[in-house]
Amino acid sequence: MRKNIVAGNWKMNLNRQEAVALAEQVLAQLPAENSTEILFGPSFVYLHKIAKMCTDNTHVFAASQDCSEHESGAFTGEVSANMIASCNAKYIVLGHSERRVNFKESNQVLKTKVEQAFANNLAVIFCCGETLEQREGGVHFDWIKLQLTESIFHLSASDFANIVVAYEPIWAIGTGVTASSEQAQEIHAFIRDLIIQQYDNDVAENTSILYGGSCKSTNAKELFSQKDIDGGLIGGASLNATDFVAITQSF
Ligand code: PGA
(Lines give C-alpha, C1' and ligand atoms only; values in the text may rest on other atoms or scores of the structure.)
Protein backbone atom coordinates (compact mmCIF):
# COMPACT_ATOMS: atom_id res chain seq x y z
CA MET A 1 0.00 0.00 0.00
CA ARG A 2 1.34 3.42 -0.89
CA LYS A 3 2.07 6.02 1.77
CA ASN A 4 0.54 9.44 2.24
CA ILE A 5 3.37 11.96 2.28
CA VAL A 6 3.51 15.69 2.91
CA ALA A 7 6.90 17.23 2.17
CA GLY A 8 7.87 20.80 2.98
CA ASN A 9 10.19 22.40 0.46
CA TRP A 10 11.70 25.31 2.37
CA LYS A 11 13.66 26.47 -0.72
CA MET A 12 16.21 29.23 0.06
CA ASN A 13 14.28 30.53 3.08
CA LEU A 14 14.92 30.59 6.85
CA ASN A 15 18.20 31.10 8.67
CA ARG A 16 19.37 28.41 11.09
CA GLN A 17 17.41 29.72 14.09
CA GLU A 18 14.25 30.12 12.03
CA ALA A 19 14.60 26.66 10.50
CA VAL A 20 15.05 25.02 13.91
CA ALA A 21 12.11 26.99 15.35
CA LEU A 22 9.85 25.91 12.47
CA ALA A 23 10.77 22.24 12.87
CA GLU A 24 10.21 22.51 16.64
CA GLN A 25 6.78 24.07 16.17
CA VAL A 26 5.68 21.46 13.63
CA LEU A 27 6.89 18.57 15.79
CA ALA A 28 5.11 20.02 18.83
CA GLN A 29 1.83 20.49 16.95
CA LEU A 30 1.67 17.09 15.29
CA PRO A 31 -0.96 14.82 16.80
CA ALA A 32 0.43 11.69 18.47
CA GLU A 33 -1.56 9.41 16.15
CA ASN A 34 -0.23 10.93 12.92
CA SER A 35 0.29 8.28 10.23
CA THR A 36 1.31 10.52 7.31
CA GLU A 37 4.99 10.60 6.41
CA ILE A 38 6.17 14.17 6.90
CA LEU A 39 9.35 15.63 5.42
CA PHE A 40 11.25 18.82 6.14
CA GLY A 41 13.29 20.13 3.22
CA PRO A 42 15.80 22.61 4.64
CA SER A 43 18.93 24.09 3.12
CA PHE A 44 21.90 21.72 3.01
CA VAL A 45 23.49 23.83 5.74
CA TYR A 46 21.02 22.67 8.41
CA LEU A 47 20.16 19.26 7.03
CA HIS A 48 22.03 17.38 9.74
CA LYS A 49 20.53 19.48 12.52
CA ILE A 50 16.96 19.11 11.20
CA ALA A 51 17.39 15.36 10.59
CA LYS A 52 18.57 14.98 14.17
CA MET A 53 15.48 16.78 15.45
CA CYS A 54 13.29 14.19 13.68
CA THR A 55 14.84 11.08 15.19
CA ASP A 56 12.26 10.73 17.99
CA ASN A 57 9.33 10.75 15.57
CA THR A 58 8.88 7.61 13.47
CA HIS A 59 7.03 9.48 10.70
CA VAL A 60 9.11 12.64 10.26
CA PHE A 61 12.31 12.82 8.19
CA ALA A 62 14.62 15.29 6.48
CA ALA A 63 14.94 15.71 2.72
CA SER A 64 17.52 17.65 0.78
CA GLN A 65 16.43 19.89 -2.08
CA ASP A 66 19.03 18.70 -4.58
CA CYS A 67 22.35 16.86 -4.91
CA SER A 68 25.30 16.93 -7.26
CA GLU A 69 25.34 14.69 -10.30
CA HIS A 70 28.95 13.82 -9.40
CA GLU A 71 30.14 11.35 -6.83
CA SER A 72 32.95 13.51 -5.39
CA GLY A 73 35.92 15.64 -6.41
CA ALA A 74 36.76 19.10 -7.70
CA PHE A 75 33.26 20.59 -7.87
CA THR A 76 33.50 23.63 -5.63
CA GLY A 77 30.25 24.48 -3.90
CA GLU A 78 28.50 21.24 -4.82
CA VAL A 79 27.00 18.77 -2.33
CA SER A 80 27.14 15.04 -3.02
CA ALA A 81 24.48 12.44 -2.31
CA ASN A 82 26.95 10.72 0.00
CA MET A 83 27.30 13.92 2.07
CA ILE A 84 23.52 14.15 2.28
CA ALA A 85 23.19 10.53 3.36
CA SER A 86 25.82 11.10 6.04
CA CYS A 87 23.60 13.88 7.46
CA ASN A 88 20.82 11.27 7.95
CA ALA A 89 18.43 12.65 5.36
CA LYS A 90 15.99 10.07 4.00
CA TYR A 91 15.07 11.69 0.68
CA ILE A 92 16.44 13.94 -2.04
CA VAL A 93 14.07 16.12 -4.05
CA LEU A 94 15.23 16.05 -7.67
CA GLY A 95 14.06 17.84 -10.80
CA HIS A 96 12.24 20.70 -9.13
CA SER A 97 11.23 23.14 -11.86
CA GLU A 98 13.28 25.89 -10.19
CA ARG A 99 16.36 23.68 -10.72
CA ARG A 100 15.31 22.70 -14.24
CA VAL A 101 14.61 26.29 -15.31
CA ASN A 102 17.16 28.36 -13.36
CA PHE A 103 20.01 25.86 -13.42
CA LYS A 104 19.27 24.22 -16.77
CA GLU A 105 19.00 20.70 -15.35
CA SER A 106 18.16 18.31 -18.18
CA ASN A 107 16.43 14.94 -17.94
CA GLN A 108 19.84 13.34 -18.56
CA VAL A 109 21.50 15.21 -15.68
CA LEU A 110 18.58 14.25 -13.44
CA LYS A 111 18.99 10.60 -14.39
CA THR A 112 22.58 10.81 -13.11
CA LYS A 113 21.44 12.51 -9.91
CA VAL A 114 18.86 9.77 -9.31
CA GLU A 115 21.64 7.22 -9.65
CA GLN A 116 23.80 9.13 -7.15
CA ALA A 117 20.90 9.19 -4.67
CA PHE A 118 20.27 5.45 -5.02
CA ALA A 119 23.98 4.62 -4.72
CA ASN A 120 23.72 6.23 -1.28
CA ASN A 121 20.45 4.56 -0.23
CA LEU A 122 18.43 7.75 -0.42
CA ALA A 123 14.85 7.78 -1.67
CA VAL A 124 13.96 10.31 -4.37
CA ILE A 125 11.06 12.69 -4.79
CA PHE A 126 11.16 13.17 -8.54
CA CYS A 127 9.40 16.32 -9.77
CA CYS A 128 7.77 16.72 -13.16
CA GLY A 129 5.34 19.20 -14.63
CA GLU A 130 4.54 21.47 -17.52
CA THR A 131 4.56 25.20 -18.24
CA LEU A 132 1.33 27.06 -18.93
CA GLU A 133 2.37 27.37 -22.58
CA GLN A 134 2.78 23.59 -22.84
CA ARG A 135 -0.62 22.99 -21.23
CA GLU A 136 -2.31 25.46 -23.53
CA GLY A 137 -0.54 23.87 -26.48
CA GLY A 138 -1.82 20.44 -25.42
CA VAL A 139 1.67 18.90 -25.16
CA HIS A 140 1.71 18.49 -21.35
CA PHE A 141 1.02 14.73 -21.38
CA ASP A 142 3.89 14.09 -23.80
CA TRP A 143 6.18 16.39 -21.84
CA ILE A 144 5.57 14.64 -18.51
CA LYS A 145 5.99 11.25 -20.15
CA LEU A 146 9.34 12.37 -21.57
CA GLN A 147 10.52 13.67 -18.17
CA LEU A 148 9.74 10.33 -16.54
CA THR A 149 11.01 8.21 -19.43
CA GLU A 150 14.37 9.95 -19.70
CA SER A 151 15.13 10.20 -15.97
CA ILE A 152 13.52 7.35 -14.02
CA PHE A 153 11.93 4.70 -16.25
CA HIS A 154 15.29 2.97 -16.76
CA LEU A 155 15.17 1.91 -13.08
CA SER A 156 14.46 -1.66 -12.06
CA ALA A 157 11.12 -2.27 -10.36
CA SER A 158 12.89 -2.77 -7.03
CA ASP A 159 14.71 0.57 -7.35
CA PHE A 160 11.51 2.27 -8.48
CA ALA A 161 10.05 1.37 -5.08
CA ASN A 162 12.26 4.19 -3.73
CA ILE A 163 10.78 6.80 -6.07
CA VAL A 164 8.02 9.21 -5.09
CA VAL A 165 6.73 11.24 -8.03
CA ALA A 166 5.68 14.87 -7.51
CA TYR A 167 3.50 16.48 -10.16
CA GLU A 168 4.14 20.21 -10.03
CA PRO A 169 2.60 22.28 -12.82
CA ILE A 170 5.00 25.21 -13.19
CA TRP A 171 2.13 27.65 -13.63
CA ALA A 172 0.88 26.78 -10.14
CA ILE A 173 4.18 27.05 -8.22
CA GLY A 174 4.34 30.09 -5.97
CA THR A 175 1.63 31.80 -8.03
CA GLY A 176 -1.38 31.27 -5.77
CA VAL A 177 -3.05 29.55 -8.74
CA THR A 178 -3.69 25.90 -7.84
CA ALA A 179 -4.50 23.23 -10.38
CA SER A 180 -8.11 22.21 -9.83
CA SER A 181 -8.48 18.84 -8.16
CA GLU A 182 -9.80 17.49 -11.50
CA GLN A 183 -6.78 18.83 -13.42
CA ALA A 184 -4.39 17.37 -10.83
CA GLN A 185 -6.20 14.02 -10.65
CA GLU A 186 -6.15 13.73 -14.45
CA ILE A 187 -2.35 14.03 -14.53
CA HIS A 188 -1.84 11.82 -11.48
CA ALA A 189 -3.93 9.07 -13.08
CA PHE A 190 -1.93 9.54 -16.30
CA ILE A 191 1.36 9.17 -14.38
CA ARG A 192 0.10 6.06 -12.57
CA ASP A 193 -0.93 4.60 -15.89
CA LEU A 194 2.54 5.24 -17.33
CA ILE A 195 4.00 3.36 -14.35
CA ILE A 196 1.63 0.44 -15.02
CA GLN A 197 2.75 0.36 -18.66
CA GLN A 198 6.45 0.58 -17.74
CA TYR A 199 6.33 -1.77 -14.75
CA ASP A 200 3.10 -3.32 -13.54
CA ASN A 201 0.02 -2.72 -11.50
CA ASP A 202 1.69 -3.54 -8.18
CA VAL A 203 4.53 -1.07 -8.70
CA ALA A 204 2.05 1.63 -9.72
CA GLU A 205 -0.25 0.95 -6.76
CA ASN A 206 2.72 1.25 -4.40
CA THR A 207 4.08 4.53 -5.82
CA SER A 208 3.11 7.69 -3.95
CA ILE A 209 2.34 10.57 -6.32
CA LEU A 210 2.33 14.02 -4.71
CA TYR A 211 0.83 17.26 -5.96
CA GLY A 212 2.75 20.54 -5.68
CA GLY A 213 1.83 24.09 -6.62
CA SER A 214 0.08 26.53 -4.28
CA CYS A 215 -1.21 23.67 -2.13
CA LYS A 216 -2.32 25.10 1.21
CA SER A 217 -4.43 24.28 4.25
CA THR A 218 -7.56 25.57 2.50
CA ASN A 219 -7.31 23.35 -0.61
CA ALA A 220 -5.30 20.32 0.58
CA LYS A 221 -8.35 18.27 1.62
CA GLU A 222 -9.99 18.64 -1.78
CA LEU A 223 -6.75 17.74 -3.60
CA PHE A 224 -5.83 14.82 -1.30
CA SER A 225 -9.32 13.33 -1.58
CA GLN A 226 -8.62 12.51 -5.22
CA LYS A 227 -7.99 8.84 -5.92
CA ASP A 228 -4.44 9.21 -7.26
CA ILE A 229 -3.18 12.10 -5.12
CA ASP A 230 -1.16 10.74 -2.19
CA GLY A 231 -0.05 13.98 -0.61
CA GLY A 232 1.78 17.17 -1.44
CA LEU A 233 5.09 18.90 -1.99
CA ILE A 234 4.52 22.19 -0.24
CA GLY A 235 6.50 25.39 -0.77
CA GLY A 236 5.14 28.64 0.70
CA ALA A 237 2.67 27.04 3.12
CA SER A 238 5.38 24.81 4.61
CA LEU A 239 7.01 27.88 6.17
CA ASN A 240 4.14 28.30 8.63
CA ALA A 241 3.90 25.53 11.24
CA THR A 242 0.13 25.75 11.77
CA ASP A 243 -0.62 25.73 8.02
CA PHE A 244 1.83 22.91 7.37
CA VAL A 245 0.49 20.74 10.19
CA ALA A 246 -3.06 21.35 8.95
CA ILE A 247 -1.98 20.15 5.48
CA THR A 248 -0.47 16.98 6.98
CA GLN A 249 -3.87 16.26 8.59
CA SER A 250 -5.87 16.77 5.38
CA PHE A 251 -6.34 13.14 4.31
P1 PGA B 1 4.39 26.49 -3.61
O2 PGA B 1 5.69 25.68 -4.08
O3 PGA B 1 3.64 25.58 -2.65
O4 PGA B 1 4.92 27.72 -2.94
O5 PGA B 1 3.60 26.80 -4.83
C6 PGA B 1 5.62 24.31 -4.34
C7 PGA B 1 6.99 23.82 -4.75
O8 PGA B 1 7.73 24.58 -5.39
O9 PGA B 1 7.39 22.68 -4.43
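Residues numbered from 1 in each chain as written. Predicted model: local features only at pLDDT ≥ 70, side-chain atom pairs only at ≥ 80, totals over all residues. Heavy atoms only, no water.

Enquirer: Report on the overall build of the protein chain, specifying residues and quantitative values.
Expert: Helix and strand counts for the protein chain stand at twelve helices and eight strands. In terms of overall size, the protein chain behaves like a compact globule, its C-alpha atoms giving a radius of gyration of 17 Å where 251 residues would be expected to give roughly 18 Å. Oriented by its inertia axes, the alpha-carbon framework of the protein chain measures out at about 45 × 45 × 35 Å. Of all 251 residues assigned to the protein chain, the portion counted as buried reaches 52%. In the protein chain, 71% of the contacts between residues at least 6 apart in sequence involve partners at least 24 apart. Of the roughly 11,200 Å² of accessible surface on the protein chain, a fraction of 50% belongs to carbon and sulfur atoms. Charged side chains in the protein chain number 18 positive and 29 negative. The centres of these two groups are separated by 4 Å. (Helix = DSSP H or I, 4+ residues; strand = E, 2+ residues; numbered from the N terminus. Rg over C-alpha atoms; globule rule 2.2 N^0.38 Å. Buried < 20%, exposed > 50% of the residue type's maximum accessible area, 1.4 Å probe, protein only. Contact = heavy atoms within 4.5 Å. Areas by Shrake-Rupley, 256 points an atom, 1.4 Å probe, with all protein chains shown as cover. Lys, Arg positive; Asp, Glu negative; His and termini not counted. Charge placed at Lys NZ, Arg CZ, Asp CG, Glu CD.)

Enquirer: Tell me about the packing of aromatic side chains, and name the residues and values.
Expert: Taken as a whole and assessed by the stated rule, the structure comprises eight aromatic pairs. Here W10 and F40 contribute two aromatic rings whose centre-to-centre distance is 5.4 Å and whose plane-to-plane angle is 40 degrees, an arrangement assigned as tilted. Placement of the pair is W10 in the loop between β1 (5-9) and α1 (16-29) and F40 in strand β2 (residues 37-41), with a sequence separation of 30 residues. Considering the side-chain rings of F153 and F160, the 6.0 Å spacing of their centres and the 45 degrees angle between planes classify their relative orientation as tilted. Given a relative accessible area of 7%, F153 falls into the buried group. Classification of F160 as buried rests on a relative accessible area of 0%. Put simply, the rings of W10, F40 and F244 touch in pairs and so form one group of aromatic residues. (Phe/Tyr/Trp six-rings, centres within 6.5 Å; stacked < 30°, edge-to-face > 60°.)

Enquirer: Could you give an account of the nonpolar core, with specific residues and numbers?
Expert: Among the nonpolar cores identified, the biggest contains 68 residues, and L148, I152 and I191 are the most heavily contacted of them. Looking at this core, the element that brings in the most residues is helix α9 (residues 181-198), giving six residues. Residues in contact with I152, not counting those within four places in the same chain, are V114, F126, F160, I163, V165 and Y199. Among the nonpolar cores identified, the runner-up in size contains 13 residues, and L39, A63, V93 and L233 belong to it. (Core = buried A, V, L, I, M, F, W, Y, C linked by side-chain atoms within 4.5 Å.)

Enquirer: Hey, could you go over helix α5 (residues 107-119) for me, with residue numbers and the actual values?
Expert: Helix length check: α5 (13 residues) gives 18 Å between terminal C-alpha atoms against 18 Å at 1.5 Å per residue, within 8%. Inspection of α5 places N107, L110, K113, V114, Q116, A117 and F118 among the buried residues, and these make up the whole buried set. Residue N121 follows α5 closely and has a positive phi angle near 60 degrees. (Expected span 1.5 Å × (residues − 1).)

Enquirer: Which residues make up the sheet that holds strand β6 (residues 163-167), and what are the values?
Expert: If you trace the eight strands once around the closed barrel, you get β1-β2-β3-β4-β5-β6-β7-β8, paired in parallel fashion. Going across the sheet, the axis of each strand differs from the next one's by a mean of 25 degrees, ignoring polarity. Taken together, the five bridges between strand β5 (residues 123-128) and β6 define a ladder with parallel strand orientation. Looking across to β6, one finds that I125 is bridged to V164. Its contacts with the sheet place helix α7 (residues 140-151) against β5 and β6, and it is angled at close to 150 degrees to β5. Set on the sheet, helix α12 (residues 241-248) makes contact with β1, β2 and β8 (231-234); between it and β1 the angle comes to about 155 degrees. (Pairing = 2+ DSSP bridges. Axes fitted to C-alpha atoms, helices over the stretch in contact; angles between N-to-C directions.)

Enquirer: Give me the lowdown on the environment of A119, citing residues and values where you can.
Expert: Relative to the assigned elements, A119 resides in helix α5. Taking relative accessible area as the criterion, A119 reaches 61% and is therefore assigned exposed.

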